[in-house]
Amino acid sequence: MDFTIRAATLEDCKDISRMILELAEYEKVLDQVKITQRDLEQDGFSKNPFFHGIIAEVPEHHKSGEGHTKVGYSLYFYSYSSFKGRAVYMEDLYVMPEFRGKGIGKALMSKVSQLGLAAGCTQMNFTVLDWNKSSLDFYLKQGCWDVTSDLGYHCMRCEGDALEQLAQGDL
Amino acid sequence: MANFILRKAEPQDVPDILRLIKELAKYEDMEDQVKLTEKDLLEDGFGNHPFYHCVVADVPAEHQKVEGYSVIGFAMYYFTYDPWIGKLLYLEDFYVMTEYRGFGIGSEILKTLSDTAVKNRCSSMHFIVAESNKASIDFYKRRGASDLSLQEGWRLFRIDKENLLKLSAEE
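Keep in mind that this is a model prediction, so the values were computed, not measured.

Conventions used here
Numbering of residues starts from 1 in every chain and runs along the sequence as written. Written order determines the labels here, with chains lettered from A and ligands numbered from 1. Where local features are concerned, this predicted model is filtered to residues with pLDDT of at least 70; where side-chain atom pairs are given and counted, the filter is 80 or more; whole-chain, interface and lining totals use all residues. As a rule here, side-chain values cover all heavy atoms of the structure and leave hydrogens and water aside. For each residue, the accessible area found with a 1.4 Å probe, counting protein chains only, is set against the maximum for its type, and the residue is called buried under 20%, exposed over 50%, and partly exposed in between. By definition, any uninterrupted DSSP run of H or I lasting at least four residues is a helix, any uninterrupted run of E lasting at least two residues is a strand, and each is numbered from the N terminus. Any two strands are treated as partners once DSSP identifies two or more bridges connecting them. Here is how to tell: hold the view so the strands point away, follow the path from the first strand over the helix to the second, and if it runs clockwise the crossover is right-handed. The rule for a salt bridge is simple: a side-chain nitrogen of Lys or Arg has to be within 4 Å of a carboxyl oxygen of Asp or Glu. Contact definition: two residues touch when any of their heavy atoms are within 4.5 Å. By buried area we mean how much accessible surface two parts lose on assembly, using a 1.4 Å probe and totalling the loss over both. Counting of polar contacts relies on pairs of N or O atoms within 3.5 Å, with two restrictions inside protein: one atom must be capable of donating a hydrogen and the other of accepting it, and residues adjacent in sequence are counted only when both atoms are side-chain atoms. Amino acids outside the nonpolar list (Ala, Val, Leu, Ile, Met, Phe, Trp, Tyr, Cys, Pro) and the charged list (Asp, Glu, Lys, Arg) are all regarded as polar, and Gly is one of them. Every residue is assigned a pLDDT by the predictor, reflecting its confidence on a scale from 0 to 100. Fitted lines through C-alpha atoms serve as axes, helices being fitted only where they are in contact, and the angles separating the N-to-C directions of these axes extend from 0 to 180 degrees. Our angle categories are set so that under 35 degrees counts as roughly parallel, over 145 as roughly antiparallel, 65 to 115 as roughly perpendicular, and the remainder as oblique. Here is the rule for handedness: rotate from the far helix to the near one, and if that takes an anticlockwise turn smaller than a right angle the crossing is left-handed, while a clockwise turn gives right-handed. Only four residue types enter the tally: Lys and Arg on the positive side, Asp and Glu on the negative side, with His and both chain ends excluded. Regarding the arc, it is the one traced by the directions from the helix axis to the C-beta atoms.

## Points about the pairing of strand S4 (residues 85-95) of chain A
Residues and elements named next belong to chain A.
- Taking burial as the measure, the eleven residues of S4 include nine buried ones, the bulk of the element.
- Two elements, strand S3 (residues 70-81) and S4, share ten bridges in a ladder whose sense is antiparallel. Looking at the pairing, tyrosine 80 lines up with arginine 86 of S4.
- Between S3 and S4, which pair antiparallel and follow one another directly, the connecting turn spans three residues.
- The parallel pair S4 and strand S5 (residues 123-129) is bridged by helix H3 (residues 104-118), and the resulting crossover is right-handed.

Okay, structure coming up:
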């Protein structure tokens, strides 16, 4: 199937927002999405963007059942390893179910890798849910390795009240 | 010993930052994995588009326990993005020299970072900890951090340069 991979623009935020919700639903956590299309526009397309996006698009004659031609996306940003330096973090990778199995996911991931390498990054990091077997298998096939399993690293979070209390110095 | 100041790192702090990165790596038994040089740190942290930010803990001359060092702790962080909740602060490294522990310097660094997170409208502060590092896990849990790997099943994955190059070359 014909498809193109290109940098996301402000106009893509509507479809990115739609697909973020689809991905959240797939991960069974739809109620956790607080970000709006407007937030994405401000946070991704202003002078100092907090993330970058790429879109997978199909021609009009291959559009989805509901009429969408933007059928996949990836959101990424640059991070830093105190051991190795510049790194790229792939925050989201998603392809609409009816367009899977055609190499679109791999092409999106390949594009993020290219952009990361061009920016001087020596590694790409991302997280996967432990029950997501098809994604785990896909990533292991691309030569990724499980840092949580191999090195015992756990992802931690400090948010909401805990963050506020920490900022105020209460224990 | 109550006298220490926390301040934003400056270019001249780079040799101390690298020294502390290596000390932390040694504590994690990964000393040989640090490939970063002073030149990388200078370019990546103090150029036009910094990949990271740093705060350092500085002690005055009369309180120096270790000959010649006034910078005795640091934290390296950067801003990331979650398409569900928006801006986040990611804590990459956080370390206080052994001789200076137990004086509240670590707590004060964490308080400053949390404050930075809140002021920059970040919903959350994220970081990783090795599951074998019980002392650090307790330190963070006491301050309200939750373990996303345990609670939600998130696994950190990584793809290193060699496989990143292969992936980026795929059509």
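## Looking at the sheet that holds strand S4 (residues 86-96) of chain B
- Read across the open sheet, the seven strands follow the order S1(B)-S2(B)-S3(B)-S4(B)-S5(B)-S7(A)-S6(B); overall the sheet is mixed. Looking at strand neighbours, the two that pair on one side only are strand S1 (5-8) and strand S6 (146-147) of chain B, the edges of this open sheet.
- Judged from the three bridges that link them, S4(B) and strand S5 (residues 124-130) of chain B form a sheet pairing that is parallel. The residue bridging B:Tyr90 from the neighbouring strand is B:His126, located in S5(B).

## Points about the pattern of salt bridges
- Enumeration over the complete set of coordinates arrives at 20 salt bridges over all chains.
- Here B:Asp44 makes a salt bridge to A:Arg86, at a shortest N to O gap of 2.7 Å. Separated into two different chains, B:Asp44 in helix H2 (residues 38-46) and A:Arg86 in strand S4 make up a pair that spans both.
- Where A:Asp137 meets A:Lys133, a salt bridge forms, and the shortest distance between an N and an O atom there is 3.1 Å. On the criterion of helical spacing, the pair formed by A:Asp137 and A:Lys133 is a turn pair, its members being four residues apart in helix H4 (residues 133-141).
- Exposure remark for A:Asp137: the relative accessible area of 37% places this residue in the partly exposed category.
- Accessibility expressed as a relative area gives 55% for A:Lys133, which makes it exposed.

## Some words on the interface of chain B and chain A
- Taken residue by residue, the interface counts 69 residues in chain B and 72 residues in chain A.
- When chain B packs against chain A, close to 7,200 Å² is buried across both sides, 61% of that on carbon and sulfur atoms.
- Of all residues in chain B, the largest losses of buried area upon contact with chain A belong to B:Tyr81, B:Trp84 and B:Phe157, amounting jointly to 15% of the total for that side.
- If you look at where chain B meets chain A, you find four salt bridges.
- Close ionic contact of B:Glu43 with A:Arg86 constitutes a salt bridge, the shortest N to O distance being 3.6 Å.
- Across the contact surface, chain B and chain A share 36 residue pairs in polar contact (both at pLDDT 80 or more).
- Within the side of chain B that touches chain A, the residues separate by chemical class into 35 nonpolar, 13 polar and 21 charged.

## Thoughts on the confidence of the model for chain B
- Across chain B, the average pLDDT comes to 89, with 94% of residues at or above 70.
- Under the prediction, the complex receives an ipTM of 0.82, its pTM being 0.88.

## Overview of the packing of H3(A) against helix H6 (residues 161-169) of chain B
- Contact geometry of H3(A) with H6(B) gives a least axis separation of 8 Å together with a crossing angle of 120°. In terms of their interaxial angle, H3(A) and H6(B) are classed as oblique. Here H3(A) and H6(B) pass one another in a crossing that is left-handed. Taking contact as the criterion, the partners of A:Lys106, A:Met109, A:Ser110, A:Ser113, A:Gln114 and A:Leu117 in H3(A) are, on H6(B), B:Lys161, B:Leu164, B:Leu165, B:Leu167 and B:Ser168.

## Re the pairing of strand S7 (residues 153-159) of chain A
- Most of S7(A) is tucked away, with six of its seven residues classed as buried.
- Relative to S5(B), S7(A) is paired through seven bridges, and the arrangement is antiparallel. Paired with A:Met156 across the strands is B:Phe127, a residue of S5(B).
- Pairing geometry for S7(A) and S6(B), over two bridges, is antiparallel. Across the sheet, residue A:Met156 finds its bridge partner in S6(B), namely B:Asp147.

## Here we look at the side chain of B:Arg158
- Structurally, the position occupied by B:Arg158 is in strand S7 (residues 154-160).
- The side chain of B:Arg158 sits in the buried core without any salt bridge; B:Asp160 is the nearest counter-charge, 4.8 Å away.
- Side chain to side chain, B:Arg158 and A:Gln123 meet in a polar contact 3.4 Å long.
- When residues no more than four places from it in sequence are discounted, the contact partners of B:Arg158 are A:Gln123, A:Met124, A:Asn125, A:Cys144, A:Trp145 and A:Val147.

## Considerations on helix H4 (residues 134-142) of chain B
- Looking only at H4(B), the buried set comprises B:Ser136, B:Ile137, B:Phe139 and B:Tyr140. Angular distribution of buried residues about the axis of H4(B) spans 160°; they occupy a single face of the element. Exposed and facing more than 90 degrees away from the buried side of H4(B) are B:Lys134, B:Ala135 and B:Arg142.
- The inward-facing, buried residues of H4(B) contact S7 of chain A together with helix H1 (14-27), S4, helix H3 (105-119) and S5 of chain B.
- Positive backbone phi, approximately 90°, marks B:Gly144, located one or two places after H4(B).

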